[in-house]
Amino acid sequence: MIQSINCYFIFNLVTVVNCLRLTIEKRIVSSHASLSKRSAVDLQFRRFNNLYYESVLEFGTPPQSIPLVLDTGSSDLWVTLIGNPLCYNKGSGKPPKGLIDCSGLVFYDMDKSQTFDYLKNVTFKIGYADTTYTSGIWIVDIITLPEGHLKDLQFGMAFATNATFSGVLGIGFPAMESVNGYEFAPGKFYPNFPLALKNAGFTNIAAYSIEYNDESKKGSILFGSIDTSRFIGPLYTFPMINEFPGIADEPSTLSLTLDGIGIDGSCEQWVISNTKLPALLDTGSTLIELPHPITQSIASYLNATWSDDHGLFVLACPSDDFLTTTDLAFTFGELHMKIPLRSFILLPDEESNGLCGLGITSSKGRVILGDSFLTHVYTVFDLDNYMISLAPMAKSSLPGKVIEIPANGLIENAVISKSEKWTHFNDITVNEYGFRNYCDGELQDIHSYSSKLNSSSLVYSSNFSSDEEQNSSESVSPSIFNTDSSIKEIYPSLSQKEHLSALLTTISTSEIHKPVTATITDSITTTIRVTKILTVLQCAT
């Protein structure tokens, strides 16, 4: 890549004005996947397999390269210490229940870092709705960047975790940091990675843009700037929404208003619902999650049925022609995004009897748009000004340039949306199945599916509030935060190594559970990240 002036690119290094770029590839993850160390933030990806986006950062002195899951749905960076007691490394075969296969994972070695330090008398815990769980301490160390060091960055170090990845790079709001709600929690927010980059002068704003390239199987996250060669048409800028107005004064999740969703064929269109909904854009989620009435409508349209064995809707695999000509359409104010339906179909494996899976899960009222959506969309997240900008992703680089995101967040040539934003949950209205045929003007069902909605408009009462999400069974179990695995005693009089050893020996793993998985993939299990922990619910007092 071309070198310009003053920005840092981790991996394909290029400098631009006051920004930091990490190029990413999406990885295929199986129980026996090998993960090579890389000298840059580089993630590989392949559709329909167990996938997530992962960035490599250099920790400590001398630097240790550790790959991290890129996650806009959480806010904490954490790595795993060597010696995770849940690792099973005794040869081939499936690990016993309660243990994980750690072959191929990369661990942080505190003894090898001359700049390692830790926060005394506090612990680190974080849990996710897929039952991934991490317990350890808060540490401080250096992140090495191509043209400087990000010094004294606070992040978590896991002593014990059931995660099948090496760590997480959470880049959401500090209000989502896991600093409250468990024993010996630090109780105060800290400058996480995006804010630390701004504070250290690497960027002028806590903002970043993300793009993926399906053809090259790579992408990048550009901190402080956007790349106009990576998207089609103007960016549309929307205000972030406050999903928890009774708890927080400002938005605390990277969410915006979804104004409608439907099916769009070559000649036909079906508006499933135009009820305004809060939508979280989450790189840490593999699939998408929609309110149950909408998911059920899409499943009915595809003649899909629920499978308890697989934990999702299954269906006869659609034809390539159908998948090529049919889109799932999303409306955000003035912007209408059409995503190929094939992006939401999971291919069969050996145990699925030739059936495909619907890569859409259900919620009570919230929307989570994960990787299957985000791979088609150029996204800009402005944490300082509470704005999100979207545009269709360019399949290949177009003429353009890298430009800095201004302090006020008003990106050059971006269209500011005038649409009304979501403020509270309403009843969800689902329209009758049927296509408006643009080819001959008739309303007809061209696919001859038998199981359809019968009434002209069905209204579902959500009876759902942000307070209920905190306590619902689909959110994080309270036991994850109030577990007997809390560290019972801190020993401030011990040496650093003795202190850490004492912490490690007191950790119990009795509350660590098996992740939720969907087995209809191309021979590799897909971890479904349904929702993220909502630590803001505990922190905003």
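All figures in this text were calculated on a predicted structure; none of them were measured in a lab.

Chemist: Would you mind going over the packing of aromatic side chains with me for this structure?
Modeler: How two aromatic rings sit relative to each other is set out by the distance from centre to centre and by the angle between their planes. Inspection of every chain in the model, using the stated rule, returns 20 aromatic pairs. Ring geometry for Phe124 and Trp138: centres 4.7 Å apart, planes at 75°, overall edge-to-face. Linking Phe124 in strand S9 (residues 124-127) with Trp138 in strand S10 (residues 133-145), this pair joins segments that are 14 residues apart in sequence. Per residue, the accessibility class of Phe124 equals that of Trp138, and both read buried. Arranged with centres 6.1 Å apart and planes meeting at 45°, the rings of Tyr301 and Phe322 form a pair that is tilted. Note that Tyr301 is positioned in helix H2 (residues 292-301) and Phe322 in helix H3 (residues 320-325), a separation of 21 residues in sequence. Residue Tyr301 is classed as buried on the basis of its relative accessible area of 1%. Through successive ring pairs, a cluster of aromatic residues spans Phe59, Tyr108, Phe116, Tyr118 and Phe155.

Chemist: Quick question: what am I supposed to make of the pairing of strand S5 (residues 77-80) here?
Modeler: A regular strand places its side chains on the two faces of the sheet in alternate fashion. Side-chain alternation along S5 places Leu77 and Val79 on one buried face and Trp78 and Thr80 on a second face that is also buried. One ladder, built from three bridges, connects S5 with strand S12 (residues 167-170); its direction is antiparallel. Bridged to Leu77 within S12 is Leu169. Looking at chain direction, S5 and strand S11 (residues 148-161) are connected through three bridges and run parallel. Its bridge partner lying in S11, Thr80 is registered against Ala158.

Chemist: Quick question: what am I supposed to make of the nonpolar core here?
Modeler: Ranked by internal contacts, the top residues of the largest apolar core, which has 99 residues, are Phe59, Leu77, Phe193, Phe330, Phe332 and Phe373. By residue number, the principal contributor to this core is S11, which donates five residues. Here Phe373 is in contact with Leu281, Ile288, Phe330, Phe332, Ile339 and Phe344, once residues within four sequence places are set aside. Core analysis: the next-biggest nonpolar cluster, separate from the first, contains 15 residues, Val122, Tyr128, Trp138 and Val179 among them.

Chemist: What exactly am I supposed to notice about the side chain of Thr295 here?
Modeler: Its place among the elements puts Thr295 in helix H2. Thr295 has contacts with Leu290, Phe313, Leu358, Ile360, Thr361 and Ser362, leaving out every residue within four places of it along the chain.

Chemist: Quick question: what am I supposed to make of the state of the cysteines here?
Modeler: Two cysteines, two sulfur atoms, one covalent bond between them: this is a disulfide. For the structure on display, the rule yields two disulfides. Here Cys87 pairs with Cys102 through a disulfide, and the sulfurs are 2.0 Å apart. One quick way to see it: the torsion about the S-S bond of Cys87 and Cys102 is about -85°, and its sign makes the bridge left-handed. With Cys87 in strand S6 (residues 87-88) and Cys102 in the loop between strand S7 (100-101) and strand S8 (117-118), this residue pair connects regions lying 15 residues apart in the sequence. Residue classification places Cys102 among the buried residues on the basis of a relative accessible area of 4%. Across the disulfide, Cys317 is cross-linked to Cys356 (sulfur-sulfur distance 2.1 Å). Looking along the S-S bond of the Cys317-Cys356 disulfide, the torsion reads about 105°, which is the right-handed sense.

Chemist: Can you walk me through the sheet that holds strand S29 (residues 367-369) in this structure?
Modeler: Backbone hydrogen bonds are what pair the strands of a sheet, in a parallel or an antiparallel way. Taking strand neighbours across the sheet as the criterion, the five strands line up as S17-S20-S29-S21-S28 in an open arrangement whose pairing is mixed. Of all strands in the sheet, those bounded by a partner on one side alone are strand S17 (255-258) and strand S28 (360-363). Averaged over all adjacent pairs, the angle separating strand axes in this sheet is 35°, with direction ignored. On top of the sheet, H2 reaches strand S20 (277-281), strand S21 (288-291) and S28; it is set at about 105° to S21, its chief contact.

Chemist: Explanation requested: the pattern of salt bridges in the structure shown.
Modeler: If the charged atoms of two oppositely charged side chains come close together, the side chains can form a pair. Overall, the coordinates contain five salt bridges when judged by the stated rule. A salt bridge links Glu211 to Arg230; its shortest N-O distance comes to 2.4 Å. Residue Glu211 is found in strand S13 (residues 207-213), and its partner Arg230 is found in the loop between strand S15 (225-227) and strand S16 (236-239); the two are separated by 19 residues along the sequence. Close ionic contact of Arg230 with Asp227 constitutes a salt bridge, the shortest N to O distance being 3.1 Å.

Chemist: Which parts of the structure should I look at to understand unusual backbone geometry?
Modeler: Where the residue is not glycine, phi is negative for most of them; where a peptide bond is considered, it is trans in most cases. Along the chain, Thr61 connects to Pro62 via a cis peptide bond; the corresponding omega equals -5°. By secondary structure assignment, the location of Pro62 is in the loop between strand S3 (51-59) and strand S4 (64-71). Although it is not a glycine, Asp152 sits at a positive phi angle of roughly 55°. With respect to the helices and strands, the residue Asp152 is situated in strand S11. A residue is classified by how much of its surface remains accessible, and Asp152, at 63% relative accessible area, is exposed. Non-glycine residue Phe184 carries a positive phi angle of around 65°. Following the sequence through the fold, Phe184 ends up in the loop between S12 and helix H1 (193-199). By relative accessible area, Phe184 is classed as partly exposed at 27%.

Chemist: Which parts of the structure should I look at to understand H2?
Modeler: For H2, the buried fraction is high: eight of the 10 residues fall into the buried class. Among all positions of H2, only Pro293, Ile294, Thr295, Ser297, Ile298, Ala299, Ser300 and Tyr301 are buried. Downstream of H2 by one or two residues, Asn303 has phi in the positive range, about 60°.

Scoring rules and cut-offs
- Every chain begins its residue count from 1, and numbering advances along the sequence as written.
- Reporting of local features is limited, given that this is a predicted model, to residues whose pLDDT is at least 70; pairs of side-chain atoms are given and counted only at 80 or more, and all residues count toward the totals for whole chains, interfaces and linings.
- Based on all heavy atoms of the structure, the side-chain values leave hydrogens and waters out of the count.
- Note on ring pairs: Phe, Tyr and Trp rings are taken, using the six-membered ring of Trp, and paired if centres are within 6.5 Å. Classes follow the plane angle, with under 30 degrees stacked, over 60 edge-to-face and the rest tilted.
- The numbering of helices and of strands both runs from the N terminus, where a helix is a DSSP run of H or I of at least 4 residues and a strand a run of E of at least 2.
- Exposure classes here rest on a 1.4 Å probe applied to the protein chains alone. A residue is buried below 20% of its type maximum, exposed above 50%, and partly exposed in between.
- Strands pair, by our definition, only if DSSP identifies at least two bridges between them.
- For this analysis, a nonpolar core means a set of buried residues of the types Ala, Val, Leu, Ile, Met, Phe, Trp, Tyr and Cys, connected via side-chain atoms within 4.5 Å.
- Note on contacts: a residue pair is in contact if any heavy atoms of the two residues lie within 4.5 Å.
- Two cysteine sulfur atoms form a disulfide, by the criterion used here, when they sit within 2.5 Å.
- To obtain each axis, a line is fitted to C-alpha atoms, and for helices this fit is confined to the stretch in contact; angles are then taken between N-to-C directions over 0 to 180 degrees.
- Each reported salt bridge corresponds to a side-chain nitrogen of Lys or Arg within 4 Å of a carboxyl oxygen of Asp or Glu.

Take it as geometry only, folks, not as evidence of what the structure does.
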